[in-house]
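Working through the structure, step by step
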Amino acid sequence: MAEPAALPAFMAQALERARAGDAADPLAHFRDRFHHPNMVGDTRHDEVIYLCGNSLGLQPKAAREALETELEDWARYGVEGHLHARHPWFYYHHEVEGLLAELVGARTEEVVAMNALTVNLNLMLVSFYRPTAKRYKILLEAKAFPSDQYTAEMQARFHAKAQGFDPEKAVVEIPLRDGEHHHRPEDVLAAIAEHGEELALVMIGGVNYYSGQFFDLKAITEAGHAVGAQVGFDLAHAVGNVPLELHDQGPDFAVWCSYKYLNSGPGGVSGAFVHERHANSPELPRFAGWWGNAEKTRFQMQPGFHPQSGAAGWQMSNAPVLNIAVHRAALELFREAGFARLREKSLALSGLLRECLEAIPNGGFELITPREDAQRGCQLSILTDHRGKAVFEALTAEGIIADWREPNVIRLAPVPLYNRYEDVVRFAAVMAQVLSR
Ligand SMILES: *Cc1c(COP(=O)(O)O)cnc(C)c1O
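Rules behind the numbers
Residues numbered from 1 in each chain as written. Predicted model: local features only at pLDDT ≥ 70, side-chain atom pairs only at ≥ 80, totals over all residues. Heavy atoms only, no water. Pairing = 2+ DSSP bridges. Helix = DSSP H or I, 4+ residues; strand = E, 2+ residues; numbered from the N terminus. Axes fitted to C-alpha atoms, helices over the stretch in contact; angles between N-to-C directions. Parallel < 35°, antiparallel > 145°, perpendicular 65-115°, else oblique. Left-handed = near helix turned anticlockwise from the far one by under 90°. Contact = heavy atoms within 4.5 Å. Nonpolar A, V, L, I, M, F, W, Y, C, P; charged D, E, K, R; others polar. Core = buried A, V, L, I, M, F, W, Y, C linked by side-chain atoms within 4.5 Å. Buried < 20%, exposed > 50% of the residue type's maximum accessible area, 1.4 Å probe, protein only. Domains from an automatic or database assignment. Lys, Arg positive; Asp, Glu negative; His and termini not counted. Salt bridge = Lys/Arg side-chain N within 4 Å of Asp/Glu carboxyl O. 1 Å grid on protein atoms, 1.4 Å probe; cavity = no way out; pocket = protein on both sides within 12 Å on 5 of 7 lines; lining within 4 Å. Points joined across faces, edges and corners; volume = space filled by probe spheres on them. Near = heavy atom within 4 Å. Polar contact = N/O pair within 3.5 Å; in protein donor to acceptor, adjacent residues only side chain to side chain. Areas by Shrake-Rupley, 256 points an atom, 1.4 Å probe, with all protein chains shown as cover. Phe/Tyr/Trp six-rings, centres within 6.5 Å; stacked < 30°, edge-to-face > 60°.

Strand order in the open sheet made by the 4 strands is β11-β12-β15-β14, with antiparallel pairing throughout. Single-partner strands in this sheet number two, and they are β11 (366–367) and β14 (403–405). Strand direction decides the pairing type here: β11 and strand β12 (residues 380–383), joined by 2 bridges, are antiparallel. Looking at β12, one finds that E366 is bridged to L383.

Structure below.
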């Protein structure tokens, strides 16, 4: 991408600051541990500004070697790789549990890498959405991700007839106030209290995919438990993006995917958290398969399901080794960089982006992500006017990969592992040019 021609004075000054920030950034070298795209659609660019880590994280260079290791061992050992591979496949999910536990603030036993996200969400609801005629509602944030809405709707319908409740009334969305695009924290807690004894499950996107709002997971969990509901979070946009302390925050379950902020590749393996308090509850209803059975007796091929304790007891199928290999390589970068440092840079990057965007005299565009650090990750969402789609397409033509969410939001996510301060200022400069056309 060429140097933007005539930079507004503010941008020129911000670009200076950004370059100084990059030069002093202790995490700057992590950028070279990733492959950076040079294509946008069918068009090659000298430099692409990638602000889409919220949708698909970039490829860590270490992914290839991690995959090749497993491909070699598969070639060398065939089925014997289950016990003899360098990372024996029989125990493969253990390869990432420590790394995941660290990242989400959980005990090792509370996490497992398995399946895909929406599958895990459904599996968790089998155990933790146990409606009765009186207590049957599921509470979601406004504009929850479609998978969450569909899961809630269909799980409610699945139970409605047997339990005798109206499935049309089961899924409740926390209302947004007129003209507001994210929730006031007190409104979330008030909604939980309002539905009280009718509430079976509070199920919130920890960071909402649309607005970028990061919710207070501990306060929500406590409020949900106080009215006797179960509490679970979809952390697709939270994991690897915002600090999590799931054990202490205390939800009953959480699920996430690995291909967004965790950079583990398209369709990458999902993760699930089940709180320790449910670790040894074999009576808890759940769907089962051989991989969730106790490892000692897994191969005895006897009837009678005896779940492993902890989250691993929710596994059904054997581990997707190739996916988890990449996942491990990607997670090791988080450990190496240290999450506290990543979060600090993340807030600074997105803070600079906000400053630059707010300096553009654009009229008609509104940042709808909460301003407070405690209520956001790195994503900023811009609510556009009727020009939105055209602006987005013009940005794309300039070599910028961001993303568009219907009906009218552009999401931008500068990621501390591989984005530079310079990226966000250059993006804003292009945005200013596009808007002035
Ligand atoms: C991305 C995302 C998903 C995707 O679900 P998959 O099962 O991985 O396809 C689900 N929920 C939320 C909140 C998401 O952001």
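We are not done yet, so read on.
A word on the packing of helix α4 (residues 94–104) against helix α10 (residues 321–337). One way to put it is that α4 packs onto α10 with a least axis distance of 10 Å and a crossing angle of 40°. As summarised for this structure, α4 and α10 are arranged oblique, according to the angle between their axes. Here α4 runs over α10; the crossing is left-handed. Contacts between α4 and α10 involve E95, V96, G98, L99, L100, E102 and L103 from the first element and I324, H327, R328, L331, E332, F334 and R335 from the second. When its residues are assigned to classes, the contact of α4 with α10 shows 7 nonpolar, 2 polar and 5 charged.

It is worth spelling out the sheet that holds strand β7 (residues 199–205) at this point. Read across the sheet, 7 strands follow the order β4-β10-β9-β8-β7-β5-β6 without closing on themselves; strand pairing throughout is mixed. Two strands bound the open sheet, and with one partner strand each, they are β4 (111–113) and β6 (171–173). In this sheet, adjacent strand axes meet at a mean angle of 20° when their direction is disregarded. Examined bridge by bridge, strand β9 (residues 253–256) and strand β10 (residues 271–274) share 4 bridges and lie antiparallel to one another. Of the residues in β10, the one forming a bridge with W256 is G271. Lying on the sheet, helix α6 (residues 146–163) is in contact with β5 (137–140), β6, β7 and β8 (230–234); it crosses β5 at an angle near 170°. Most of the contacts of helix α7 (residues 185–195) go to β5, to which it runs at about 170°, and overall it touches β5, β6 and β7.

In terms of nonpolar packing, the biggest core is built from 69 residues, with I192, I220, L235, W256 and L417 touching the most fellow members. With 8 residues, α10 is the largest single contributor of residues to this core. Among the domains, domain 1 (4–33 + 338–436) and domain 2 (68–334) are the pair contributing at least three residues each to this core. Not counting residues within four places of it along the chain, the set of residues in contact with I220 comprises V188, L189, I192, V202, I204, F215, V231 and F233.

A regular strand places its side chains so that they alternate between the two faces of the sheet. Counting buried positions along β7 yields 7 of 7 residues, so the element is predominantly enclosed. Relative to β7, β5 runs parallel, the two sharing 3 bridges. Among the inter-strand pairings, L139 is bridged to a residue of β7, identified as V202. Strand direction decides the pairing type here: β7 and β8, joined by 5 bridges, are parallel.

On the secondary structure map, E70 appears in helix α2 (residues 62–77). Within the buried core, E70 has no salt-bridge partner, and the shortest N-O distance to an opposite charge, that of R328, equals 4.2 Å. Those residues in contact with E70 that lie beyond four places of it in its chain are H87, W89, Y92, V321, L322, A325 and R328.

Before going further, it helps to spend a moment on the layout of surface pockets. Taken as a whole, the largest pocket spans an internal volume of roughly 230 Å³. As for the largest pocket, its lining consists of 15 residues, of which A63, L67, G265, P266 and V326 are closest to the centre. Listing elements by their share of the lining of the largest pocket, those giving two or more residues are α2 and α10. When its residues are assigned to classes, the lining of the largest pocket shows 8 nonpolar, 6 polar and 1 charged.

Another aspect to go through is the site of the ligand. In the vicinity of the ligand, the contacting residues are L117, T118, F145, S147, D148, D234, A236, H237, Y259 and K260. In the environment of the ligand, an oxygen atom lies 2.6 Å from a nitrogen or oxygen atom belonging to the side chain of T118. Y259 places a polar side-chain atom, nitrogen or oxygen, 2.5 Å from an oxygen atom of the ligand. Alone, the ligand offers 380 Å² of accessible surface; in the complex the protein occludes 83% of this. Among the elements of the structure, α5 (117–128) and α6 are those that each provide at least two residues to the shell around the ligand. Of the residues belonging to the shell around the ligand, the class tally is 4 nonpolar, 3 polar and 3 charged.

Under the definition given, this model contains 14 aromatic pairs. Aromatic side chains Y136 and F165 sit 4.9 Å apart centroid to centroid with 20° between the ring planes, which places their arrangement in the stacked category. You can see Y136 sitting in the loop between α5 and β5 and its partner F165 sitting in the loop between α6 and β6, a full 29 residues away along the chain. The exposure classification of Y136 matches that of F165, with both residues buried. A ring pair is formed by W290 and W291, whose centres lie 4.7 Å apart and whose planes are at 70°; its orientation type is edge-to-face. By way of ring pairs, the aromatic residues F90, Y91, W290, W291 and F299 are connected into one cluster.

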